[in-house]
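What follows is the residue order along each chain.
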Amino acid sequence: MSYTELQVTTNFSFLRGASHPEELVEQAASMGYKEMAITDRNSLAGIVRAHVAARAKGIRIIPGCRLDLLDGPSLLVYPTSVAAYSQLCSLLTVGNFRAPKGECHLYKADVYQYAHGMKLILLPPPVLNGLFDFDPSFEQVMKEYRDAFGEDLYLAAARSYSGDDAKYLYRLAQLSARLNVSLVATNDVHYHEPARRELQDILTCVREKCTIYTAGFRLHPNAERYLKPIEEMQRLFRHYPAAILRTQEIAGACQFSLDSLKYEYPEEITHEGRTPLEELTFQAWQGAKQHYGDNIPDKVVTAIHHELSFIERMNYAPYFLTVYDIVRFAREQNILCQGRGSAANSTVCYCLGITSVDPTKFELLFERFISAARNEPPDIDVDFEHERREEVIQYIYRKYGRDRAAIVATVTQQHQKGAIRDVGKAMGLSVDSINRLSGSIRDYTDELFESKRLTEQGLDPGDKHLCKVLDLTRQLMGFPRQLGQHTGGFVITRGKLSDLCPIMNARMEDRTCIEWNKDDIDALGFLKIDVLALGMLTCIRKAFDIAKDNYGLDLTLANIPPDDPVVYDMICHADTIGVFQIESRAQQSMLPRLRPRSFYDLVIEVAIVRPGPIQGDMVHPYLRRRNGEELVEYPSKELEDILGRTLGVPLFQEQAMKIAIVAAGFTPAEADELRRSMATFKAHGMVKKFGEKLIKGMMDRGYTLEYAQRVFKQLEGFGSYGFPESHAASFALLVYVSSWIKCYYPDVFACAILNSMPMGFYQPAQLVIDAKKHGVEVSPVDINYSTWDNKLEERSGKYCILRLGFRQVKGLREEDIGILISERETAYTSINALRDLGVPEAALEKLADADAFRSIGLDRRQALWEITARNERPVALFTGQPSDESLEQAVSLPRMSTSEHVVHDYAATSLSLKAHPVSFVREKLEQLRILSTKELNEAKDGQQVKVAGLVLVRQRPGTASGICFITIEDETGFANLVVFEALFEKYRKPILQSRLLMVEGKLQREGEVVHVIVKCCYDLTKLLRHLTASQEEQLPLLTLSRADEKPEQDFEGQRRKVDAREVKREKVFPGGRNFR
Amino acid sequence: MSKRFVSIWFRHLKTDWFILRRPVLQAMPFVLALPDHGRMVITAANALAQAQGIDTGMAVADARALLPSLEVLDDKPTLSAKLLKGIAEWCIRYTPVVAIDAPDGLLLDTTGCAHLWGGEIQYVKHILTRLKSLGYTAHACMADTIGAAWGMAHFSQGSPILESGQQMEALLSLPPAALRLEADTIERLEKLGLRHVRNFIGIPRPALRRRFGQIFLQKLDQAIGQEEETIQPVHPIQPYEERLPCLEPIVTATGIEIALQRLLETLCLRLREEEKGLRVCCFKGYRVDGKVEKIEIGTNRPSHNIAHLFKLFEIKISTMEPALGIELFILDASKVEDASPVNTTLWETSCGLDDPGLSELLDRFAGKIGANHIHRYLPAEHHWPERSIHAATTLLDKPQSTWKDDRPRPLQLLARPEPIDVTAPIPDYPPMLFRHKGKLHKITRADGPERIEQEWWLQEGQHRDYYSVEDEEGHRYWLFRSGHYSADKTYRWFIHGFFA
């Protein structure tokens, strides 16, 4: 007589279960259980994980669910067949759709409707009433349930060690006999081992928003709800052996397994009765003709034949067609898109227009991306313009219906900081100590809590309470916390999606998603298409539009002239501000070293400046080999095939995995598991196991230990931050396209990128300065010329004039300004004209702040003076009559100096066309012998220099062991600073606080790349303060009579008054971005 | 005589107070912070922190990035109001009219007061010196108008005395913020380049009013002295104390009783009018020979019932030794609480804790046997039996939860479980017999186990399996085994209570 546990709550019942499904399965298997049910609350989110784990352990999972009803006692339900499972999914879908995200509202009537083919267990109230019996109402409901479900209904009996178990079971047995509902034993499992009770208590506290000290009876009195051994369950129910037997009856009846779910591709993707393959073949050749004309190159013909036969073998045609359909829609709507991902850079995809990377340009073998052995679905991600992706998403919903298409979930996991916060709060720590604790966590280290850092934060690592908090945090980490929405992964099915999985509302309006994440649907072999958003595509599309309007060009991603040496020249000089991907400082310093001259060089450039290769120390070997400073050699012939294109240095994720397969004897599936185990949370200690295996495997095959370790180290980096080659190729195309536009039409580029803000690394000010440097004339915001967006005006010289738009003005709303633009037939001549239109006062004030009234002859101060005189305008009958204000005698306001204007420009629009702020203090800087950044670039290597500028970016990448990179800017250009960790600690304040930073250090020159290795930092922000000080302050004051004041009268404290209440003007300059 | 006002600005009011309580803070930069929209925002910073560029309004995270060693303490939102009130009451020694100038200042109407301290300069100096010795950084200024005094205290480094009629001149060089204007008005003036009062004082008033409103002009006028401004002074609290001097020294008990009766009458009358009741009261007699005789009573709920209070004192009057006579009686209610007036009901049905009779009875018991011999227990939300009750401090304590009655709990719970010897089947069946204090009990009926785990956040140790058992004589006991049954005998049995 065996026993099957039928009531198991995993941590996918958020803040209730205290064990991972995997842990429960493992425990069950080790205790000799053959089957176990998973019954999370109104959710099936955890069953796939349990299923996968159980498959590995050779036991069986009975998928089930605990239905918490709004109008009746809870039920455990188990589908006996695929049909019943579909019913259960539909039931949960119904409940999910009724409720906001994260909730599920179900009623008895729903269960009656969908319960066909399910086994149900009724959960009785946990305690008896004062008369030592169940409430009569419970019996009533039970009767109702029995009438509805008949034989399929059971009554749960659990022993919770609550003192009156004997009475309780006796009453249950009575009830069961009276109503003829069989008693079945369960243990209401919430965790796999008793030790997890502490964590479960914490979860209860988080759920109930209390601390462990105030939780009281909301906690359970004992730790009995763990998975108990079969013999123990038999002993506990020795008086009711039938209840144990019944578990076998239910387990026997519920033979449904998730393996029997079949995913089918949607069918609306073919035309004229063709099969999917015929359709794909047809479309591919159509596309090839469009791209190459009638003379399709032989290479392409071969490739298409080859790929189509592979696709046929793997039966992937419907997948490609589905993606094609979405891309086709985007194209029709003039939404720019670009595919990437393992299969995206195939010739077929190029012909279908999914990608614009010409496959003839470089050798990307199709099978390299899809491994036939693993038989996994291919993976194509499509990037769309970020501003218009929603249109594509809604198209998918519209075309396939909400019951057939939904977004995949992402399981938000408890990360270190979240976990410490939750546990800390529940354990009653003060906000202050929680902050200190999370301050002692450092990303990028495996060690969670270093006792050294704890001590630094003033915490005692030996403290018992603290140890408990840390211990619980460690357990909580990696727990699922909520189901979020994947960034754009779609599941589309032929039949109803709700037959396969419950669907729920997402937090965003008009979005629905399923309960499973991408690993889950991978495990079950579902198709997923990623519909992603990319800001640069928006920018490029806007650039195309602007180019069409102003230059009559008809550009697409595919028809930009390829391989233009002028463009590569620009890239080699790191003149790439605003360009996709290669604009960052790290990339900019790499470009002159790598000197890309071809498309594939760009692919490498994109992939090489990544934490993966950097951590794996692959960058320098590659550079040396490329520059011919080091011999290109391969540890073995087999590796030469893999690493040939990258000169023997692995740079791409695929290469790293291939090495694991070829050189360490991993199976493809193992290699993939290895990658996943590194990418997902490092909670399970799998990484180490794989590492040992990899190194051993490689040494067995004759590689040196050192090489093997290096490969493993790199693999580790790739796990989370690696870049597959095909992604890099897709990105490289966008890099090239954006570089091309910037190179030939800097006006178009600047306009487009400003209209797509926020995006990329740089502030509008830098983009405008950069555009001006390239010879683009820029005009300020003006009420008579600007539109909401930035736009190009008539040609002036080589390029068009860039007119800044109202969108650059901080705090101005598009709807407020709409009327100003739409009614602007002739130029406005007065502020009152705008008032009469109904432009709000606040908007006018913002315009005045932005100095947008120049065309009517008012500077910002005069404009503001006029605008603020409100509510005194003649209205109705008297409209147009002279107002009081016009009779007012003219008031002369203090004149504004240029420097003051610049400060206010920055305050209102984050940029100034009048001058660069640093130029006003140049004279003072020169007195201090501080170089401009331009002079810096002419200085010699190793020279001691001083340089100052506005701080643009501070970066402390985790890969750089505490080194801080700073970029500063002055009126002549940029300078890159490097601050080592020890110095950073010393100069923390000036580095983090100053707007105008001056540093002293040694110049380091490497080709074109110039750095300053910082020795000292000074905060010169005070200099900027004088920009606003107007002349009158130097005039003699009307002195007060101080005749009676005797100098010796010293009032303590009265003297040391700091300018605490002074308005700090320098704050208007952007504080620089901090990337950590 | 023209009016004179002093404005005092406590630059570091709250942080100064924290330093007073924890002198170590004196030497380290620290801030006070409150959560605001999910992040901690600094609400006050001490001078050392400010010197590091940390100021109010900054997020704690940013400040920490700047200064990792920064000490962050939780602010109390009501703190500054409380402190100001205290200081204001203390300042009444300087002038009867003291007002609070939220959030961090005081206003004193010093008209006609300064000469008592030897002139205005001495006066202000005295105030500042005293405040400094109390530990507060203060800036002050005396002027004809509140506005001018305020502006000069906050924005000027000059002399703390502004001679009568000088306010206009003094204000000219101050920024507009010194006029106590709204933040957006200040910002607008700044944008217009009107950074000092002198920049706009000459602008025609209609033009100013149109742009900055009537309030702006009013504040200006008030500062200059063209418009009166009034303040809302604080009043000191009158202590609940009654005095009765005697013409002749009192030596008899009857005399004392009469004195007590009189004092109680006046005190209780006042308490009743203010809807207060006393909790602790001290009756003092000042003897001719300089000694003080006193008796003290306490009540369970606020009371102003003369007869009841008299009774409580009466028991103790015999302990007063008048000796040569008492010449002054003082009745001092040191602890007074709000007492809601009791509704007179038509039919007295109340018999629970609300019955004033009960508390008066308890007061009298306490007077006889001592308050620490009477206990009242309330349920506490703990599964662990010892912690499931806690002693109430007053009759008015409301239970935080209801008494749990779904599990059997003994009538008498031993404060400390007593070990017993037990014969019981393994592993977790109820015992068959146990020996307690030498007596063997054969168990005839039993129920259990009820397993209660340690509250791990309070204490470590083994769980308990509780059994309710009945012996042959029909007595019922509450027994438990600490820990699981195991062969190595780490478990032990205890008795923890008696049902009947």
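Please read all numbers here as calculations on a predicted model, not as lab measurements.

Reading the values: the criteria
- Residues numbered from 1 in each chain as written.
- Chains lettered and ligands numbered in written order.
- Predicted model: local features only at pLDDT ≥ 70, side-chain atom pairs only at ≥ 80, totals over all residues.
- Heavy atoms only, no water.
- Pairing = 2+ DSSP bridges.
- Helix = DSSP H or I, 4+ residues; strand = E, 2+ residues; numbered from the N terminus.
- Axes fitted to C-alpha atoms, helices over the stretch in contact; angles between N-to-C directions.
- Contact = heavy atoms within 4.5 Å.
- Buried area = accessible area lost by both parts, 1.4 Å probe.
- Salt bridge = Lys/Arg side-chain N within 4 Å of Asp/Glu carboxyl O.
- Polar contact = N/O pair within 3.5 Å; in protein donor to acceptor, adjacent residues only side chain to side chain.
- Nonpolar A, V, L, I, M, F, W, Y, C, P; charged D, E, K, R; others polar.
- Phe/Tyr/Trp six-rings, centres within 6.5 Å; stacked < 30°, edge-to-face > 60°.
- Buried < 20%, exposed > 50% of the residue type's maximum accessible area, 1.4 Å probe, protein only.
- Lys NZ or Arg CZ within 6 Å of the ring centre and 35° of its normal.
- Right-handed = clockwise from strand over helix to strand, strands pointing away.

A. Quick look at the sheet that holds strand β17 (residues 439-452) of chain B. Residue and element names in this part refer to chain B. Read across the open sheet, the 7 strands follow the order β14-β20-β19-β18-β17-β16-β15; overall the sheet is antiparallel. Single-partner strands in this sheet number two, and they are β14 (412-419) and β15 (421-423). Strand-to-strand, the axes of this sheet are offset by a mean angle of 35°, without reference to chain direction. Of the pairings in the sheet, the one linking strand β18 (residues 464-471) to strand β19 (residues 476-482) comprises 7 bridges and is antiparallel in character.

B. How the structure looks around the environment of Val1012(A). Residues and elements named next belong to chain A. Along the chain, Val1012 falls in strand β21 (residues 1009-1019). Sequence separation between Val1012 and Gln140 is 872 residues; the distance between their C-alpha atoms is 82 Å. Apart from the residues lying within four places of it in its own chain, the contact partners of Val1012 are Leu936, Val945, Val947, Asn976, Leu977, Val978, Val999, Gly1001, Lys1002 and Leu1003.

C. Spotlight on the interface of chain B and chain A. Taken together, the contacts link 76 residues of chain B with 81 residues of chain A. Counting each side, the surface lost to burial between chain B and chain A is near 7,300 Å², with a carbon and sulfur contribution of 52%. Summed over the three residues of chain B that lose the most area to chain A, namely Arg210(B), Arg211(B) and Trp456(B), the buried surface amounts to 12% of that side. Applying the counting criterion to the chain B and chain A interface returns 8 salt bridges. Seen at the junction of chain B and chain A, the total is 22 residue pairs in polar contact (both at pLDDT 80 or more). Looking at which element gives the most residues to the side of chain B that touches chain A, the answer is β17(B), with 6 residues. Taken together, the residues of the side of chain B that touches chain A sort by class into 33 nonpolar, 18 polar and 25 charged.

D. Structural context of the packing of aromatic side chains. Per the counting criterion, the structure on display carries 37 aromatic pairs over all chains. With a centroid separation of 5.4 Å and 90° between ring planes, the pair formed by Trp17(B) and Phe18(B) is classed as edge-to-face. Like Trp17(B), the residue Phe18(B) is buried in the burial classification. Grouped by ring-pair contacts, the aromatic residues Tyr551(A), Trp740(A), Tyr744(A) and Tyr745(A) constitute a single cluster. Seen from the ring of Tyr397(A), Arg402(A) lies directly overhead, with NZ or CZ sitting 4.1 Å from the centre. The lysine or arginine in question, Lys404(B), covers the ring of Phe217(A), its NZ or CZ lying 4.7 Å from the ring centre.

E. Region of the structure containing the pairing of strand β2 (residues 60-67) of chain A. Residue and element names in this part refer to chain A. A large share of β2 lies buried, amounting to 8 of its 8 residues. Burial of β2 is two-sided: the residues Arg60, Ile62, Gly64 and Arg66 facing one way and the residues Ile61, Pro63, Cys65 and Leu67 facing the other way are all buried. The sheet contact formed by strand β1 (residues 35-41) and β2 spans 7 bridges and is parallel. Along β2, the bridge assignment pairs Met36 with Ile61. Viewed along the sheet, the connection from β1 through helix α2 (residues 47-57) into β2 turns out right-handed. Note: β2 against strand β3 (residues 75-79), 3 bridges, orientation antiparallel. Bridging across to β3, Arg66 finds its partner in Leu76.

F. Focus on the pattern of salt bridges. Tallying each qualifying case throughout the model produces 82 salt bridges over all chains. Between Arg388(A) and Glu391(A) there is a salt bridge, with the nearest N and O atoms lying 3.1 Å from each other. Given the relative accessible area of 17%, Arg388(A) is considered buried. Two residues, Lys404(B) and Asp406(B), come together in a salt bridge whose shortest N-O distance is 3.6 Å. Here the residues in one salt-bridge network are Glu224(A), Lys228(A), Glu232(A), Arg235(A), Asp428(B), Arg451(B), Asp465(B) and Arg481(B), joined through shared partners.

G. Local environment of the side chain of Thr933(A). Within the fold, Thr933(A) resides in helix α42 (residues 933-938). Beyond its immediate stretch of four places on either side in the chain, Thr933(A) contacts Val947(A), Asp970(A), Thr972(A), Gly973(A), Phe974(A) and Ala975(A).

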